[in-house]
Amino acid sequence: MNINWKRLLIFIMLTFFIGSFFAIFINNSNLYNSINNAIEIPNYIFPIVWSILYLLMGISIYIVMESKSINKSKAINIYILQLLVNSTWTLLFFGFKLYILSFIWIILLIVLVIIMIYRFYNINKLSGLLNLPYLVWLIFAAYLSFFVIILN
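Just so you know, these numbers come straight off a predicted model, no measurement behind them.

Peer 1: Give me the side chain of Ser102: which residues, what numbers.
Peer 2: Within the secondary structure, Ser102 sits in helix 5 (residues 99-123). For Ser102, the side chain forms a polar contact with the main-chain oxygen of Leu98, separated by 2.6 Å. In contact with Ser102, not counting residues within four places along its chain, are Trp89, Leu92 and Phe93.

Peer 1: For the packing of aromatic side chains, give the residues involved together with the corresponding values.
Peer 2: According to the stated counting rule, one finds 17 aromatic pairs in the structure shown. Ring centres of Phe17 and Phe21 lie 5.6 Å apart, and the angle between their planes is 70 degrees; on these two criteria the pair is classed as edge-to-face. Ring centres of Trp89 and Phe94 lie 5.8 Å apart, and the angle between their planes is 85 degrees; this geometry places the pair in the edge-to-face category. We note that Trp89, like Phe94, is buried. Taken together through their ring pairs, the aromatic side chains of Phe46, Phe103, Trp137, Phe140, Tyr143, Phe146 and Phe147 make up a single cluster.

Reading guide: rules and limits
Residues numbered from 1 in each chain as written. Predicted model: local features only at pLDDT ≥ 70, side-chain atom pairs only at ≥ 80, totals over all residues. Heavy atoms only, no water. Helix = DSSP H or I, 4+ residues; strand = E, 2+ residues; numbered from the N terminus. Polar contact = N/O pair within 3.5 Å; in protein donor to acceptor, adjacent residues only side chain to side chain. Contact = heavy atoms within 4.5 Å. Phe/Tyr/Trp six-rings, centres within 6.5 Å; stacked < 30°, edge-to-face > 60°. Buried < 20%, exposed > 50% of the residue type's maximum accessible area, 1.4 Å probe, protein only.

In structure tokens, the structure reads:
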């Protein structure tokens, strides 16, 4: 497979931009430090993890976009939808402090990501597998979100 590095970089950058759009405007660390959590995670972990996840997501969408699959439009649509839902979660949780809605929202996101992984995997196994860490992280984030509701 020949890699179009420019296109790959564009997909990675778009994923970072859309996924972290609301986080750019919201100071997450102040709120995170002020609420009771089930597990105390140092603030510096989150940008590292999300950077890795957005990188993997950007690579996976590039692989799908470069495929010759006739089913890729559905996969691309679910990718865009889950990325918008992902970005909006930050606004709901950190911006508006709507913890119950945020928990429901992250469950929706998990469902969308499972569908996305399935569609990506059917197009290219690697593109689906690259999103498994994202799914695991979202499940962990849902756990943390649930306990924010319980403990606050």
